[in-house]
Amino acid sequence: GIWNEIWNNGGYATQFSYCNFYYANTAVRNQSTPLNEMTISNSNFRYNNKGISSVSNGNGFNIVGNSGFYNNVMAVNGCNYKLDYCIIRTNQTGIYLYPASGTYNYITNSIINQNQTGISGDAAEGAAFYSLKYSTVDSNTIAGLIEGDYPSYTDTILSCEFKGNYI
């Protein structure tokens, strides 16, 4: 990280479109209670320690669409994500979900491949869910999907393709 981060900690919705986030400690961090809604579209995250990080018990979402995450240590970290049409490739950890109680994460129409670990995480106490739909998880060298510690962690896995992951 040659620069630290963009920290969204105010009371306003934030939008990034057609941005390149390279070489940051944490490129974009959204952390406040309640969570500010943040939208990122058509953007790329490369060579960051963390691409996006979000930790909160709030109601807002981090809406990320048509974006790519490549060669980061951790591409997506935290909770309250709606990832749609994203490519998450060649990272150490693709998606690490750490949802707090009552939070949700939605991953749809995305490709999560060639990472060391595709999707992993840990849930805080309480009902914390994520759903994975219409996505491909393949060729991750450690694991494609690692479930969290709480039985209510996974809400839905629907119409996904898992292939070539080390298990």
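Residues numbered from 1 in each chain as written. Predicted model: local features only at pLDDT ≥ 70, side-chain atom pairs only at ≥ 80, totals over all residues. Heavy atoms only, no water.

Enquirer: Any chance you could explain the side chain of Thr 117 here in plain terms?
Expert: Take Thr 117: it is sitting in strand E16 (residues 117-121). Exposure remark for Thr 117: the relative accessible area of 10% places this residue in the buried category. (Helix = DSSP H or I, 4+ residues; strand = E, 2+ residues; numbered from the N terminus. Buried < 20%, exposed > 50% of the residue type's maximum accessible area, 1.4 Å probe, protein only.)

Enquirer: Sorry, what's going on with the pattern of salt bridges here?
Expert: Side-chain pairing between opposite charges can occur once the charged atoms of the two side chains come close. Summed over the entire model, instances satisfying the criterion amount to two salt bridges. Between Glu 5 and Arg 29 there is a salt bridge, with the nearest N and O atoms lying 2.7 Å from each other. Taken together, the positions of Glu 5 in strand E1 (residues 3-8) and Arg 29 in strand E4 (residues 24-30) put the pair 24 residues apart, joining distant regions of the chain. Looking at Glu 5, the relative accessible area reads 21%, which means it is partly exposed. In this structure, the salt-bridge partner of Glu 161 is Lys 163, at a minimum N-O distance of 3.8 Å. Glu 161 sits in the partly exposed class, given a relative accessible area of 39%. (Salt bridge = Lys/Arg side-chain N within 4 Å of Asp/Glu carboxyl O.)

Enquirer: Looking at this structure, how should I read the sheet that holds strand E15 (residues 111-113)?
Expert: Within a beta sheet, neighbouring strands are joined by backbone hydrogen bonds and run either parallel or antiparallel to one another. Spatially, E3-E6-E9-E12-E15-E18-E21 is the arrangement adopted by the seven strands of the open sheet, whose pairing is parallel. Of all strands in the sheet, those bounded by a partner on one side alone are strand E3 (20-22) and strand E21 (161-163). Along the sheet, successive strands turn relative to each other by an average axial angle of 5°, direction set aside. Here three bridges tie strand E18 (residues 136-138) to E21, and the two strands are oriented parallel to one another. The residue of E21 that forms the bridge with Thr 136 is Glu 161. (Pairing = 2+ DSSP bridges. Axes fitted to C-alpha atoms, helices over the stretch in contact; angles between N-to-C directions.)

Enquirer: I would appreciate a short explanation of the packing of aromatic side chains in the present structure.
Expert: Geometry of an aromatic ring pair is reported as the spacing of the ring centres plus the angle between the planes. Inspection of the entire model under this criterion finds seven aromatic pairs. With centroids separated by 5.6 Å and ring planes inclined at 85°, the aromatic side chains of Phe 16 and Phe 21 adopt a geometry described as edge-to-face. Judged by its relative accessible area of 15%, Phe 16 falls in the buried class. Note on Phe 21: relative accessible area 4%, which makes it buried. Taken together, Phe 16, Phe 21, Phe 45 and Phe 69 form an aromatic cluster joined through their ring pairs. Over the face of the ring belonging to Trp 7 we find Arg 29, whose NZ or CZ atom lies 3.9 Å from the ring centre. The aromatic ring of Phe 61 is capped on one face by Lys 82, whose charged end is 4.5 Å from the ring centroid. (Phe/Tyr/Trp six-rings, centres within 6.5 Å; stacked < 30°, edge-to-face > 60°. Lys NZ or Arg CZ within 6 Å of the ring centre and 35° of its normal.)

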